[in-house]
Amino acid sequence: MSFPKNSRHLRVDRMFEIDDNDYKCSLSDDTLVKAKKELGEKPETRLLEVKNLRTRVLKVPGLKSRTDINFLLPFLRVRKFDQERAFTQVKNYYRWKMEHGDIFNDLKPSRVRDMLDTNLIEILKDRSKQGCRIFIWRAENWDEERYSITECLKLHAVVMLKLQQEEETQIHGTHFIIHMGKLTWKQALLFTPSVAKFYLKMSQSIIPLRLKRLDYVECPSFFDVVYKVFKQFMQEKIVKRVSISTDNFKELHTHVDPDILPTDLGGKVKPYSNTEWKESILNSEEYFEEDNKFGFLNMEVANERKENTEEDAGLAGLGGTFKKLEDH
């Protein structure tokens, strides 16, 4: 990897050093066609696009950023190779990590291993009919007395950061299934506006992943209250991709073949049978540790956000701020 002479910027660590010319695209032929059609990706100009983005990122004052192709390419893809938008998202990604140290400081799989073992989150082995990676969250597996909402967000961040490394997922995106069966009102009260805003911003515009569909299934009678909290922070295009059901999986099955779904979602697969994805996350410890070495060196550089202390009234008048995701 070449860097400008006399550069004031630090080189990336060796784990991430890969010459652009050594990059091997792992996309299938069909996915390459989709990438060109939907994202404007052109194999013949891909490396040039990465080089141009790298040049701009290296010039950001106070930022020690990863600049390897495996890091920058997902930002270009999620922003359809719009250089300005990709550049902005890279900066926002590092600002976000700095501003939310309670989530991202020393974030790595070992920090969330206990919660990972609760099966709160499951990633299916097979993909949806549209090629999306399927992410399942089950309310019944969340012990809110043991695991705080902050711990939940840490787990989500680790899983999403792992998923965004998959090239096929960078193109096809993700399909979230939020299984609300057995969700309690006590748990619902923890979904304050600040939590909803944090989660949706992270999912929509911080981590470079395409959120292609969001299914809420087996929703309790009070779910409309919960959904209103989240909906206000959803991009319009995401709202159009949302499906809410209370007692069947008919709509879900139009997008995901029941043959690959767990039995508790009307499918034919044993729940939690895909243990490989857990192993892949746990085997990424060193990767996360190296990735944590990057970010803004000047803690004042990205501190431009204004707090709105009134937006977090919560479902039952709970106080707090966006920055402080929970009160103890």
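Up top is the structure these notes are about.
Residues numbered from 1 in each chain as written. Predicted model: local features only at pLDDT ≥ 70, side-chain atom pairs only at ≥ 80, totals over all residues. Heavy atoms only, no water.

So, the overall build of the chain
Part 1 of the argument: A tally of regular secondary structure across the chain gives 15 helices and seven strands.
Part 2 of the argument: A burial count over the chain gives 55% of its 328 residues as buried.
Part 3 of the argument: In the chain, of all internal contacts separated by at least 6 residues, the share reaching a separation of at least 24 is 77%.
Part 4 of the argument: If you sum the accessible surface of the chain, you get close to 15700 Å²; carbon and sulfur atoms cover 47% of it. (Helix = DSSP H or I, 4+ residues; strand = E, 2+ residues; numbered from the N terminus. Buried < 20%, exposed > 50% of the residue type's maximum accessible area, 1.4 Å probe, protein only. Contact = heavy atoms within 4.5 Å. Areas by Shrake-Rupley, 256 points an atom, 1.4 Å probe, with all protein chains shown as cover.)

Here we look at the sheet that holds strand β3 (residues 133-138)
Part 1 of the argument: In space, the five strands of this open sheet follow the order β2-β3-β4-β5-β6, with mixed pairing throughout. Each edge of the sheet is formed by a strand with only one pairing partner; in this case those strands are β2 (121-123) and β6 (242-244). Strand-to-strand twist in this sheet, taken as the mean axis angle between neighbours without regard to direction, amounts to 15 degrees.
Part 2 of the argument: For strand β4 (residues 174-179) and strand β5 (residues 211-217), the ladder comprises six bridges, and the chain directions are parallel. Counterpart to Phe176 in the pairing with β5 is Leu214. (Pairing = 2+ DSSP bridges. Axes fitted to C-alpha atoms, helices over the stretch in contact; angles between N-to-C directions.)

Quick word on the pattern of salt bridges
Part 1 of the argument: Across all of its chains, the model carries 25 salt bridges by this definition.
Part 2 of the argument: Among the ionic pairs, Glu41 bridges to Arg46, the shortest N-O distance being 2.7 Å.
Part 3 of the argument: Relative accessible area serves as the criterion here: at 1%, Glu41 is assigned to the buried category.
Part 4 of the argument: Note that Asp106 is salt-bridged to Lys108, the shortest N-O span being 3.8 Å.
Part 5 of the argument: Classification of Asp106 by relative accessible area gives partly exposed; the value is 32%.
Part 6 of the argument: Here the salt bridges do not stand alone but share partners, grouping Asp106, Lys108, Arg111, Glu285 and Glu289 into one network. (Salt bridge = Lys/Arg side-chain N within 4 Å of Asp/Glu carboxyl O.)

Things to note about the packing of aromatic side chains
Part 1 of the argument: All told, the structure shown has 16 aromatic pairs when counted by the stated rule.
Part 2 of the argument: Here Trp185 and Phe222 contribute two aromatic rings whose centre-to-centre distance is 5.3 Å and whose plane-to-plane angle is 80 degrees, an arrangement assigned as edge-to-face. Residue Trp185 is found in helix α9 (residues 185-188), and its partner Phe222 is found in the loop between β5 and α11 (223-231); the two are separated by 37 residues along the sequence.
Part 3 of the argument: Its relative accessible area of 37% is what places Trp185 among the partly exposed residues.
Part 4 of the argument: Ring centres 6.1 Å apart and planes at 25 degrees place the aromatic pair Phe223 and Tyr227 in the stacked group. (Phe/Tyr/Trp six-rings, centres within 6.5 Å; stacked < 30°, edge-to-face > 60°.)

A short note on the environment of Tyr227
Part 1 of the argument: Following the sequence through the fold, Tyr227 ends up in helix α11.
Part 2 of the argument: With 31 residues separating them along the chain, Tyr227 and Ala196 place their C-alpha atoms 9.6 Å apart.

Considering the nonpolar core
Part 1 of the argument: The biggest cluster of nonpolar side chains holds 78 residues, and the ones touching the most others in it are Trp137 and Tyr216.
Part 2 of the argument: Element by element, the count of residues in this core is highest for helix α7 (residues 149-163), at 10 residues.
Part 3 of the argument: When near neighbours in sequence (up to four residues on either side) are disregarded, Tyr216 contacts Ile178, Met180, Phe223, Tyr227, Met234, Val242, Ser243, Ile244 and Ser245.
Part 4 of the argument: Leu124, Ile136, Ile177 and Val217 belong to the second-largest nonpolar core, a separate cluster that totals 11 residues. (Core = buried A, V, L, I, M, F, W, Y, C linked by side-chain atoms within 4.5 Å.)

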